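Each chain, letter by letter, is given below.
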Amino acid sequence: MPQRPINRVRVVAAAVVLGVASLLPSAFAGSQESIAEARAEREALREERAAAAAELDAARAEDAEVAAALRDITDLVNAHQARLDEVGRQLVVNQQIAVDAEAAVAEADAREAELQDEILQLAVSGYVNAGEQSTAALLASEDFGEVLRQNELLASANGNAGDVLEELRTLQEDRAVAEAEAEAAVATTAALQAEMETIQADYQSQQAVQAELKAEMEARVADWESQVAAIEAEDEELADFIRAEERRLNPTPVVVSTAPAPGTPSVSGFQWPVNGRVSSGYGYRVHPIFGTRRLHRGLDISGSSGTPIAAAKGGTVILAGWNGGYGNCVVVSHGDGITSLYAHQSSIAVSVGQSVNRGDIVGYVGSTGQSTGPHLHFEIRVSGTAVDPAPYLP
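Residues numbered from 1 in each chain as written. Predicted model: local features only at pLDDT ≥ 70, side-chain atom pairs only at ≥ 80, totals over all residues. Heavy atoms only, no water.

## Describing the nonpolar core
Argument step 1. In this structure, Tyr342, Leu376 and Phe378 are the most contacted members of the largest nonpolar core, which totals 23 residues.
Argument step 2. At the level of elements, strand E4 (299-302), strand E7 (328-333), strand E8 (338-345) and strand E12 (375-382) are the ones that each hand at least two residues to this core.
Argument step 3. For this core, the element with the highest residue contribution is E12, accounting for four residues.
Argument step 4. Each residue touching Leu376, except ones within four places of it in the same chain, is listed here: Pro273, Val274, Leu299, Asp300, Ile301, Ile309, Tyr342, Ala343 and Val365.
Argument step 5. Grouped together as the second largest cluster of nonpolar side chains are 10 residues, Ile73, Val209, Leu213 and Met217 included. (Core = buried A, V, L, I, M, F, W, Y, C linked by side-chain atoms within 4.5 Å. Buried < 20%, exposed > 50% of the residue type's maximum accessible area, 1.4 Å probe, protein only. Helix = DSSP H or I, 4+ residues; strand = E, 2+ residues; numbered from the N terminus. Contact = heavy atoms within 4.5 Å.)

## Structural notes on the environment of Glu218
Argument step 1. Note that Glu218 resides in helix H4 (residues 144-249).
Argument step 2. Overall, Glu218 belongs to the partly exposed group, its relative accessible area being 47%.
Argument step 3. It is 9.1 Å that separates the C-alpha atoms of Glu218 and Phe290, two residues lying 72 residues apart in sequence.

## A short note on the environment of Ser304
Argument step 1. With respect to the helices and strands, Ser304 occurs in the loop between E4 and strand E5 (308-310).
Argument step 2. The residues contacting Ser304, other than those within four sequence positions of it, are Val365 and Pro374.

## Some words on the pattern of salt bridges
Argument step 1. According to the stated counting rule, one finds 13 salt bridges in the structure shown.
Argument step 2. Residue Glu114 pairs with Arg111 through a salt bridge whose shortest N-O separation is 3.0 Å. Of the two residues, Glu114 and Arg111 are both situated in helix H3 (residues 63-140); the distance of three residues between them amounts to about one turn of the helix.
Argument step 3. A relative accessible area of 35% means that Glu114 is categorised as partly exposed.
Argument step 4. Taken together, the shared-partner salt bridges in this structure form one network comprising Glu232, Asp235, Arg297, Glu379 and Arg381. (Salt bridge = Lys/Arg side-chain N within 4 Å of Asp/Glu carboxyl O.)

## Examining unusual backbone geometry
With the exception of glycine, most residues fall at negative phi, and the peptide bonds are largely trans.
Argument step 1. Non-glycine residue Asp336 carries a positive phi angle of around 60°.
Argument step 2. As for its position among the elements, Asp336 is in the loop between E7 and E8.
Argument step 3. Overall, the relative accessible area of 44% leaves Asp336 in the partly exposed class.

## Focus: the layout of surface pockets
Argument step 1. In this structure, the largest pocket occupies an estimated 630 Å³ of space.
Argument step 2. Considering the residues around the largest pocket, the lining is formed by 25 residues, among which Arg285, Arg294, His296, Asp300 and Gln370 are closest to the centre.
Argument step 3. Looking at the lining of the largest pocket, the elements that each hand over two or more residues are H4, strand E2 (283-286), strand E3 (293-296) and E12.
Argument step 4. Per-element tally for the lining of the largest pocket: the top contributor is H4, with four residues.
Argument step 5. Taken together, the residues of the lining of the largest pocket break down into seven nonpolar, 12 polar and six charged. (1 Å grid on protein atoms, 1.4 Å probe; cavity = no way out; pocket = protein on both sides within 12 Å on 5 of 7 lines; lining within 4 Å. Points joined across faces, edges and corners; volume = space filled by probe spheres on them. Nonpolar A, V, L, I, M, F, W, Y, C, P; charged D, E, K, R; others polar.)

## Things to note about the packing of aromatic side chains
To describe a pair of aromatic rings, one takes the distance between the centres and the angle between the planes.
Argument step 1. According to the stated counting rule, one finds two aromatic pairs in the structure shown.
Argument step 2. Centre to centre, the rings of Phe270 and Tyr392 are 5.8 Å apart; their planes meet at 70°, and the pair counts as edge-to-face. Of the two residues, Phe270 is situated in the loop between H4 and strand E1 (278-280) and Tyr392 in the segment after strand E13 (385-387); the sequence distance between them amounts to 122 residues.
Argument step 3. The class of Phe270 is buried, set by a relative accessible area of 6%.
Argument step 4. Here Tyr342 and Phe378 contribute two aromatic rings whose centre-to-centre distance is 5.4 Å and whose plane-to-plane angle is 50°, an arrangement assigned as tilted. In this pair, Tyr342 sits in strand E8 while Phe378 sits in strand E12, placing the two residues 36 residues apart along the sequence.
Argument step 5. By relative accessible area, Phe378 is classed as buried at 0%. (Phe/Tyr/Trp six-rings, centres within 6.5 Å; stacked < 30°, edge-to-face > 60°.)

As structure tokens, this is what we get:
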């Protein structure tokens, strides 16, 4: 029965896979070292940032600090996840190499046993034929041709033994390669598993920090959105209040849907309530950290605390007091459905029902309500709805 020889191609190919890096040109090796150094520096920077993120007191940190720390720890978590995936793939490949190499060793062992048995049988047969049967046949046979044929068979047996010995020598060489391959694969697998355990431990601790920072950021976003919702509700209440007061002061309804163009009679006579720089204009604002969007309903005009605030135009005071996020707030009705609003005052100088002329002091610049520093928040409203004040000012 013919014997299946060991698959030398598989064993040698596996050895080439592990040893190919050592055969590459030195220039490529240098390039690989540069890449490895750059990767190490990048990972060290990530680790440093992650360590800083882990030490951050999230409860006391500014929004930007929490957001930056969350980005840093997320980068490191993603990098470790990618490395875990890579090591996992390497483990699968290496484990298969080990399985193949061990199978090759087992196959070599089985075939070696078969060859040794075959060699033993050939040796015994050759010894018997050479020692006794050839001489007896020569003396007893009357047919020298038959004796010659027997000698040819003996020579053939000896030749087969040489072929078997050659196969056995080759087999043992292949077996040594397979054993070395199996040992290397087992050692590499152990190293990869140790690396994976280390990365996994770091990964889990970093995930915990990430979860904490993410929860903190989500809480801040939720709080901010709650504040925005409260502002929207307050604005709706204020708009309803202004409309009601306008109806009370002016029984004949006046509907002005858009801001008149500057210079028309309905907007003539407005002045700046304070002299200062506009630090924030009318329009939608996108939160720089949370990314949420809300309407800024007026102009923020810079001014030091205590700076007098003048009425932009004559009219009747319909609100003078605390009003939620606006803090100390004054609203003046100018007729024709138009009102002006002055928010965040440190103190109020007028009262409800009082008539004021353009330039009269209605209060003083402050930082009450939802304010980050002293300034005047100035609005123009048409039928209770805030519009861009710019067209109303000179």
